[in-house]
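# Examining the three-dimensional arrangement
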Amino acid sequence: SISIKYNGETITVVRENKDWKVTEPTTWPGDSNFISDYLSRYQGLLAQKIYEKSEVNDILIEKFNLKNPIATVTFSANAKNILQTFKLGITKEGIYAFIKDGAIAKINLELWPELVPKDKLFKNRSVMLNVSLDNISRISLSNSLSFVKKDNNWYKVSSSTQQPSVSETPNPDAFTFF
């Protein structure tokens, strides 16, 4: 699972079987492509600078806004098995995160929207959720433009009730914009 706490809000995304699902702030099917890309961002994240544990002190923690991190991103295998937590601070110079052994990594400031995205990006934004295209036989865009599926081919017709003529050839471009 992924949990992001930022600005008093929590985004939680969990994997159920092979599918992702947003469970907080609202329940919604997850966007598997976005979530896969999001996980890859963290896996490939490179620090611009590392402050070793021996360099880290209260003044540095305060300077990097890590005393009270602005965001926390947690990756878990399950409720009891936390894989890694990133406590993030941000300044005009960059993003800062505690890493292994108390060291701090400085990360490029431009990555903030990618590391702490809005909850809507995790949601599957497909308009026709759970609708099989095999079950659709007619699409009416207006009174004068429809597409009709016949024998697994799509035909452009000029009214919502018209059927394709026998001599008409299928329109290979009719369904490509869907």
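Computed from a predicted model, the values in this text were never measured in an experiment. (Residues numbered from 1 in each chain as written. Predicted model: local features only at pLDDT ≥ 70, side-chain atom pairs only at ≥ 80, totals over all residues. Heavy atoms only, no water.)

### Overview of the packing of aromatic side chains
Applying the stated criterion to the full structure yields eleven aromatic pairs. Between tyrosine 6 and tryptophan 112, the ring centres sit 5.6 Å apart and the planes meet at 65°, which makes this aromatic pair edge-to-face. In this pair, tyrosine 6 sits in strand E1 (residues 2-6) while tryptophan 112 sits in helix H3 (residues 112-115), placing the two residues 106 residues apart along the sequence. Residue class for tyrosine 6 comes out partly exposed when judged on its relative accessible area of 24%. Look at tyrosine 38 and phenylalanine 122: their rings are 5.1 Å apart centre to centre, the planes differ by 75°, and that puts the pair in the edge-to-face class. Of this pair, tyrosine 38 sits in helix H1 (residues 32-43) while phenylalanine 122 sits in the loop between H3 and strand E10 (138-142); the two residues are 84 residues apart in sequence, bridging distant segments of the chain. As far as the burial class goes, tyrosine 38 and phenylalanine 122 line up, both buried. The rings of Phe34, Tyr38, Tyr42, Phe75, Phe86 and Phe122 are connected pair by pair, giving a single aromatic cluster. (Phe/Tyr/Trp six-rings, centres within 6.5 Å; stacked < 30°, edge-to-face > 60°. Helix = DSSP H or I, 4+ residues; strand = E, 2+ residues; numbered from the N terminus. Buried < 20%, exposed > 50% of the residue type's maximum accessible area, 1.4 Å probe, protein only.)

### What to know about the nonpolar core
Here is a general trend for soluble globular proteins: nonpolar side chains tend to be buried in one another's company. One finds Tyr38, Leu88 and Phe122 to be the most contacted residues of the largest nonpolar core, which totals 22 residues. Elements with a minimum of two residues in this core: E1, strand E2 (9-16), strand E3 (19-24), H1, strand E6 (71-78), strand E7 (81-90), strand E8 (95-98) and H3. The element best represented in this core is H1, accounting for four residues. Apart from residues lying up to four places away in sequence, tyrosine 38 is in contact with Ile2, Ile4, Val73, Phe75, Glu114, Leu115, Pro117 and Phe122. (Core = buried A, V, L, I, M, F, W, Y, C linked by side-chain atoms within 4.5 Å. Contact = heavy atoms within 4.5 Å.)

### So, the pairing of E1
Pairing analysis gives five bridges linking E1 to E2, with the strands arranged antiparallel. Paired with lysine 5 across the strands is threonine 10, a residue of E2. Here E1 folds back onto E2, and the loop between the two strands holds two residues, one of which, asparagine 7, carries a positive phi near 55°. Taken together, the five bridges between E1 and E6 define a ladder with antiparallel strand orientation. Within E6, the position partnered with lysine 5 by the bridge is threonine 72. (Pairing = 2+ DSSP bridges.)

### Quick word on the side chain of serine 76
Mapping serine 76 onto the fold places it in strand E6. For serine 76, a relative accessible area of 12% gives the class buried. Residue contacts for serine 76: discarding those within four places in its chain leaves Ser1, Asn81, Ile82 and Leu83.

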